[in-house]
Structure formats: structure tokens, C-alpha cells
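A closer look at the structure
Chain residues, written in single-letter form:
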Amino acid sequence: MTSIIKIVKFMVMQTKIEGIVLSKIPYDERHIVAHLMLRSGRKVSVIFYGGRGGGVKQKSSIIELGFMLAVELRASKSGVDVYHAKEWNLIWHHDLIRLEHSAFYLLCFFLELSNRISPNENLHDVHEENTEMTGLFTSLSNALVHLEKSLQMKSFYTHTHSVIFLTKLLLHLGVFPEREHCTLCGEGLSGFNDMYLIADEGGFACPPCMNQRSAYSVQSGRELWELVGHIAHTKYSDLGTIKLEFKSLPRMLFHYFCFQFHFEEKDFKTASMVF
């Protein structure tokens, strides 16, 4: 009976996965340990034996940051923290991002941020209805494709991509800022020229309320208010015309994001390279 239970534990594990490489570290001379974000928006840790390439045949590595892989895993007992890759193939890769330092910094920021908020997946206990984090994968995968395409079209603007990604992320994760009405008094905001994005109130506030509020808040103006509304209602593929030259707007959204998820901006090593 004990042997049958052990066999069942191996059989029920999901062994075929697809995921984006969020991070990787070398292991011994030729191996890699990587975090992959699955289509569920959750992540797993995987050891790729020989993943660094080289060897007698001088094979190149396809385990690169931002690449999407199809991986077949070895069956393992339940409760493991790290899975072992048996075979892996490339689904999607970028060519130009790594050649443009600003775009690569942005890629690393997207991956670090996603890695921090993505929960771990248990491949022995996967349910089809477990879809609450799929928006995270959707946001990240669209951001990477959009980033590569902008370089192909020679229309790359760092802060544009930051605002779009953060807006889509907040939307999919259910913490999108209230923008229809003042978060303090309920007054409609469409008639005001200036707005204040208040992280601890979860949305935008009108100037009259802010004049009575002693707490410090950044005046974001109507531009950010209109921008997040436009991005929220527009497909990623149709957002190529937005051109932001300054970092003030994405930084406001990043501050808002950090507050919602109990982070500090200094917790992200790549943030200083983007903002």
C-alpha cells in the first residue's frame, strides 16, 4: 500500500509547463537555477542541468531573462521546493532588448517586480479554477512583446512602457486607482484640471479636498488621470502612439503600487535604473 501511495504522488504532478524566465543564477559549472512564471501567474523554481550551455558540443543557452520556455519536468515527490528540468524548448525570445541598455534595464525591472508579487505554484496541486493571478502573466508577457516590438519600430520610450505596464498590472490585480470620483468626497473628477493620486486612499482626489487635507500628496494633474483611464480601456497592441519623455508620471504609479503591496521603493534593485 505504501508503494502505491508513493507512485500516485509522482503520477499526479504536472510535468509539462510553459513559463517566462524571471531570474536565473548559475549552479556549479554548467547548470542554472531559474524562476519561471507560468501562465497561471504563479512561479516555480527549476534546475536546468547543462542549462548554461558549453560542453563538448559547445551548445548555447536559451535560458535567458525574459525568454519563454516549454519545459518537461522530471516527476518528483510532493512538497519539493525546486523542480528538475528534463527537456526544454524555446517558445518566444527577444533579440533587440538586450542590445539597448535602457530597454534591458526596463526588462529587468518588469521581471523583478513580477517575481516579487508572483506566488509559488505547487505542481502537485494545480486546479483549473485557480486563475486569480493570470492577469500578472498577461501583463508581463504583453509588456515584453510590446517592448521588443517598439525597438523594431524604433519607437522606444522608457517611461511610456513603465506607465503602461504598471497600469495594466494594477488593473489585473484589482488595485486600480479610483478615478471616476474623488476618493475623499465622492465628487465627479471629470470637471477638474488638477487631481491628486493618493496611495493610502486608493485613488484620485479633487483639489478642494486636498486643500483641507494636511497629509502630503503629489499633485499628478489631469495627464496621469487621463492616461491611466486610456490605458485601462485600450489593448496593449494599440498603445504604441503614447510618448512620455519624463519619469514623474510612472514614478507616481510605482509609488502607488508599492503602497498597495506593502513594499518600499528601495526594495527593488532595478528601480533606480528606470526612474
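Residues numbered from 1 in each chain as written. Predicted model: local features only at pLDDT ≥ 70, side-chain atom pairs only at ≥ 80, totals over all residues. Heavy atoms only, no water.

1. A short note on the nonpolar core
Leu 113, Leu 140, Phe 254 and Phe 257 are the most contacted members of the largest nonpolar core, which has 63 residues in total. With 8 residues, the top contributor of residues to this core is helix 2 (residues 101-117). With sequence-adjacent residues up to four places away left out, Leu 113 is seen in contact with Phe 165, Leu 166, Leu 169, Phe 254, Phe 257 and Phe 268. Counting residues in each nonpolar core, the second largest holds 17 residues, with Leu 38, Ile 63, Leu 73 and Tyr 83 among its members. (Core = buried A, V, L, I, M, F, W, Y, C linked by side-chain atoms within 4.5 Å. Buried < 20%, exposed > 50% of the residue type's maximum accessible area, 1.4 Å probe, protein only. Helix = DSSP H or I, 4+ residues; strand = E, 2+ residues; numbered from the N terminus. Contact = heavy atoms within 4.5 Å.)

2. Focus on the sheet that holds strand 3 (residues 43-48)
Spatially, 5 strands are ordered 1-2-3-5-4 in a closed barrel, and the strand pairing comes out mixed. For this sheet, the mean inter-axis angle between neighbouring strands, taken without regard to orientation, is 55 degrees. Pairing analysis gives 8 bridges linking strand 1 (residues 16-27) to strand 2 (residues 31-38), with the strands arranged antiparallel. Across the sheet, Ser 23 pairs through a bridge with His 35, a residue of strand 2. Contacts from helix 2 reach strand 1, strand 2 and strand 3 within the one sheet, and its direction differs from that of strand 1 by about 105 degrees. In the packing of helix 3 (residues 134-152) onto the sheet, contacts are made with strand 1, strand 2, strand 4 (68-73) and strand 5 (82-92), and the angle to strand 1 comes to roughly 70 degrees. (Pairing = 2+ DSSP bridges. Axes fitted to C-alpha atoms, helices over the stretch in contact; angles between N-to-C directions.)

3. Let's talk about the state of the cysteines
Applying the stated criterion across every chain, the model contains 0 disulfides. Not engaged in a disulfide, the cysteine Cys 206 finds its nearest cysteine sulfur in Cys 209; these two sulfurs lie 3.6 Å apart. (Disulfide = S-S within 2.5 Å.)

4. Comments concerning the pairing of strand 3
Taking burial as the measure, the 6 residues of strand 3 include 6 buried ones, the bulk of the element. Judged by which residues are buried, strand 3 turns out to be covered on both faces: Lys 43, Ser 45 and Ile 47 on one side and Val 44, Val 46 and Phe 48 on the other are all buried. Inspection of the sheet shows strand 2 paired to strand 3 by 6 bridges, in the antiparallel sense. Note on strand 3: the bridge partner recorded for His 35 is Ser 45. Connecting the antiparallel pair strand 2 and strand 3 is a turn made up of 4 residues, with Gly 41 showing a positive phi of about 85 degrees.

5. Focus on the packing of helix 4 (residues 158-172) against helix 7 (residues 248-260)
Contact pair helix 4 / helix 7: the axes reach a minimum separation of 9 Å and the direction vectors enclose 30 degrees. Judged on the interaxial angle alone, helix 7 and helix 4 are roughly parallel. The crossing of helix 4 and helix 7 is left-handed. On helix 7, the residues touching His 159, Ser 162, Val 163, Leu 166, Thr 167, Leu 169 and Leu 170 of helix 4 are Leu 249, Pro 250, Leu 253, Phe 254, Tyr 256 and Phe 257. (Parallel < 35°, antiparallel > 145°, perpendicular 65-115°, else oblique. Left-handed = near helix turned anticlockwise from the far one by under 90°.)

6. What about the side chain of Lys 43?
Within the secondary structure, Lys 43 sits in strand 3. For the buried Lys 43, no salt bridge is present, and the opposite-charge side chain at shortest range is Glu 112, 11 Å distant. A polar side-chain atom of Lys 43 sits 2.6 Å from the main-chain carbonyl oxygen of Asn 115. (Lys, Arg positive; Asp, Glu negative; His and termini not counted. Salt bridge = Lys/Arg side-chain N within 4 Å of Asp/Glu carboxyl O. Polar contact = N/O pair within 3.5 Å; in protein donor to acceptor, adjacent residues only side chain to side chain.)

7. Things to note about the pattern of salt bridges
One pass over the full model with this rule turns up 7 salt bridges. Across the salt bridge formed by Lys 24 and Glu 64, the nearest N and O atoms sit 3.2 Å from each other. Taken together, the positions of Lys 24 in strand 1 and Glu 64 in the loop between strand 3 and strand 4 put the pair 40 residues apart, joining distant regions of the chain. According to the relative accessible area criterion, Glu 64 is partly exposed, its value standing at 25%. Arg 179 is the partner of Glu 180 in a salt bridge, and the nearest nitrogen-oxygen pair spans 3.5 Å.

8. Considering the pairing of strand 5
Relative to strand 5, strand 3 runs parallel, the two sharing 3 bridges. Within the sheet, the bridge partner assigned to Val 46 lies in strand 5 and is Tyr 83. Pairing between strand 4 and strand 5: 6 bridges, direction antiparallel. The partner of Met 68 across the bridge, within strand 5, is Trp 92.

9. Notes on the side chain of Thr 167
Relative to the helices and strands, Thr 167 resides in helix 4. The class for Thr 167 is buried, based on a relative accessible area of 1%. A polar atom in the side chain of Thr 167 sits 2.7 Å from the backbone oxygen of Val 163. Leave out the neighbours within four places in its chain, and Thr 167 touches Phe 176, Val 228, Ile 231, Ala 232 and Leu 253.

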